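Survey of secondary and tertiary structure
Each chain, letter by letter, is given below.
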Amino acid sequence: VTNHKRMTSKEYLDHIENLIIEIRKIDFNNNWAYEQVLHSFLKIKKMPIILYQYKENNLLFRSRINNKENFQEINEISAPNSKYVKNYARANKPRQTLFYGSENRPTSYMEFIEYLAETTDFGIEVAFTIGGWRLKRDLVLALVYNPLDERETEYNKLYGEGFDEFVEKTAKEYRDGTMLFFQFIAEEYSKPVKNNIETYLITCAYSNLIFGYEECDGIIYPSVPSAGNGFNVVLKENVILENSIELEFAGKDTFVATEQENGKHNFMNIKSTNATGIDLAKGIIEW
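Overview of the structure. (Residues numbered from 1 in each chain as written. Predicted model: local features only at pLDDT ≥ 70, side-chain atom pairs only at ≥ 80, totals over all residues. Heavy atoms only, no water.)

A separate point is the side chain of H15. Along the chain, H15 falls in helix α1 (residues 9–24). Here H15 falls in the buried class, since its relative accessible area comes to 13%. (Helix = DSSP H or I, 4+ residues; strand = E, 2+ residues; numbered from the N terminus. Buried < 20%, exposed > 50% of the residue type's maximum accessible area, 1.4 Å probe, protein only.)

Per the counting criterion, the structure on display carries 12 salt bridges. Put simply, D138 and K55 hold a salt bridge, and the shortest N to O gap is 4.0 Å. Residue D138 is located in the loop between β4 (125–135) and β5 (139–143), and its partner K55 is located in the loop between β1 (51–54) and β2 (59–65); the two are separated by 83 residues in the primary sequence. Since its relative accessible area comes to 44%, K55 is described here as partly exposed. Linking E248 and R134 is a salt bridge whose minimum nitrogen-to-oxygen distance equals 2.7 Å. On the criterion of sequence distance, the pair formed by E248 in strand β8 (residues 245–259) and R134 in strand β4 is long-range, its members being 114 residues apart. E248 gets classed as partly exposed once you look at its relative accessible area, which sits at 41%. Connected through salt bridges with shared partners, the residues R24, E188 and K191 form a single ionic network. (Salt bridge = Lys/Arg side-chain N within 4 Å of Asp/Glu carboxyl O.)

Here α1 crosses helix α6 (residues 172–189) at 20 degrees, and the two axes come no closer than 6 Å. As summarised for this structure, α1 and α6 are arranged roughly parallel, according to the angle between their axes. Here α1 contributes S9, Y12, L13, I16, E17, I20, I23 and R24 to the contact with α6, which in turn contributes K172, E173, Y174, D176, G177, T178, L180, F181, F184 and E188. The residue inventory of the contact of α1 with α6, partitioned by class, reads 9 nonpolar, 3 polar and 6 charged. (Axes fitted to C-alpha atoms, helices over the stretch in contact; angles between N-to-C directions. Parallel < 35°, antiparallel > 145°, perpendicular 65-115°, else oblique. Contact = heavy atoms within 4.5 Å. Nonpolar A, V, L, I, M, F, W, Y, C, P; charged D, E, K, R; others polar.)

Okay, structure coming up:
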């Protein structure tokens, strides 16, 4: 946080409101939209950031859609090489390597459901390879949280108290603006992003601003497809390069697309296979 003249509660609330309006007015079809969003964030005179300690030994799950072959190398189910990252996503820019993980296997698979429902005919089989990654140290993650949400979902129950503690420690004149800012950011992270590039540009700009803090290892936010009953974590590349997470197991699940009574897709698990071994030294998955 840079030094600045102390603001009144109304001044800080107006300051945040005006910058949100400024971001909303950006033409997201122009080539500089991402930079314009980032520039708006940088104008915030007291950026609210909640850093949360995600404990060592927790597991994170990351999955990939298979074709017919099994993935043989650990790096194939880890964070992608930057040369394969072509587009903006929830937290990454093109050619930026990040590790996207989920708290459990169902949440990891749910991230693919909308795409698969649109691209998979009934009766077709779809296979995933999933890896369980063990944290070898505590990670410091920036928390995305919407103060307006009811505390009914798993995510809100887990992190609501921490959010309250953060607000209570915030100077009174900054509390209303802080609440508004988190509401804005959390709503962007919770939006489905189908044909909605502006959401990716906003969340990506915010994420990369957060990544600039050396002590921050990534971001934690509720999963959109699981309606907040699961959560996702995005980790900076250095967490992978420093071997701060380690592949503990790998498995392959095969599903068949079936039709529900309402005409929508359901994916039924018809086969599960676990890797017989993982050779960390050679970077090999054995099946």
